Amino acid sequence: MPKRPTRLDYCQYLLVSPINYTLTNFSNHAEGMSHDAITRFLREEKMTPHLVWDNVRNLIAADPEAYIVFDDTIIDKNSSHKIELVRRQYSGNAHGIVKGIGVVTCVYVSPITKELCIINYRIHDPQGYGMSKIDHVREMLGNVVYHKGLAFRTVLMDTWDATRELMLFIESLNKIYYCTLKSNRLVDDSGGVLGYKAVDSLNWNEREVDQGKIIKIWGFPTEHKIKLFRVEESTHRTDWVVTNDTSQN
């Protein structure tokens, strides 16, 4: 009689096979497990984000200086035609539109122990859930604060998270954020004298290059100021990083 897979079986398979994670590959390498048994297991088993927290909550050493990191990834499914969650979307790794499943992850990082641990995730399915990536991030961040009660100080996010709604929400939690801005984001570094211009067209003096400059992003409240840094990643790439920690150099 074929052996029924368990959550441990499946998770161990994913850990040791990060490239080919198909059911066929699983059944070919899992002794005593048929393809049909694995299919039934995945169809009937519910692997919710709550299970992630159940398995890591006792492994995390809470740190008031910790970071919460949000990131999204696209699981490439260009050869799939019948998986419901697959849709065409932009992939940063592919630098273009691919067919895949979008996943937004929430990771807890301790700056003291250097340990990191995923504590939550969401499948990005706007047609099914009616939620944007920003909605998922806000929900997971609220869950960290109000339900998990994890101590942390700073939120790290990518460009797509740098929205007015999310940045102001983080500030309302009395937390610090760092995130990158698109090069064409409109900002004002003149205190209203010269008006708004694209981030990549700003002029920088030596002090600002070293310590950052205070700016206002278009669309934010009138007196809302944050600090912008120009980060030269290479001769071909410059990142624009903002933080609400205006004392930061």
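Nothing here was measured: the structure is a model prediction, and the numbers come from that model. (Residues numbered from 1 in each chain as written. Predicted model: local features only at pLDDT ≥ 70, side-chain atom pairs only at ≥ 80, totals over all residues. Heavy atoms only, no water.)

A. Broad picture of unusual backbone geometry. Despite not being glycine, K114 has its phi angle at roughly 65°, a positive value. Assignment of secondary structure puts K114 in the loop between strand 3 (96–109) and strand 4 (116–124). Of note in the backbone geometry, N174 takes a positive phi value of approximately 60° without being a glycine. Position of N174 relative to the elements: it lies in the loop between helix 7 (164–172) and strand 6 (176–181). (Helix = DSSP H or I, 4+ residues; strand = E, 2+ residues; numbered from the N terminus.)

B. Representation of the packing of aromatic side chains within the structure. Going through the model one piece at a time under the given rule, you end up with 5 aromatic pairs. Taking the centre distance of 4.5 Å and the plane angle of 10° together, the rings of Y13 and F26 count as stacked. Taken together, the residues span a long stretch of sequence, with Y13 in helix 1 (residues 7–16) and F26 in helix 2 (residues 23–29) at a distance of 13 residues. Accessibility assignment for this pair places Y13 and F26 in one class, buried. (Phe/Tyr/Trp six-rings, centres within 6.5 Å; stacked < 30°, edge-to-face > 60°. Buried < 20%, exposed > 50% of the residue type's maximum accessible area, 1.4 Å probe, protein only.)

C. Representation of helix 3 (residues 35–44). Those residues of helix 3 that sit buried are A37, I38 and F41. Taken around the axis of helix 3, the buried residues stretch over an arc of 95°, which confines them to a single face. Facing away from the buried surface of helix 3 by more than 90 degrees, the exposed residues are D36 and R43. Packing partners of the buried residues in helix 3 comprise helix 1 and helix 2. (Arc of directions from axis to C-beta. Contact = heavy atoms within 4.5 Å.)

D. The packing of helix 6 (residues 133–148) against helix 7, seen in detail. One can describe the packing of helix 6 onto helix 7 by two numbers: an axis separation of 10 Å at closest approach and a directional angle of 10°. Between helix 6 and helix 7, the angle falls in the class roughly parallel. Touching I134, V137, R138, L141 and G142 of helix 6 are E165, L166, F169 and I170, all from helix 7. (Axes fitted to C-alpha atoms, helices over the stretch in contact; angles between N-to-C directions. Parallel < 35°, antiparallel > 145°, perpendicular 65-115°, else oblique.)

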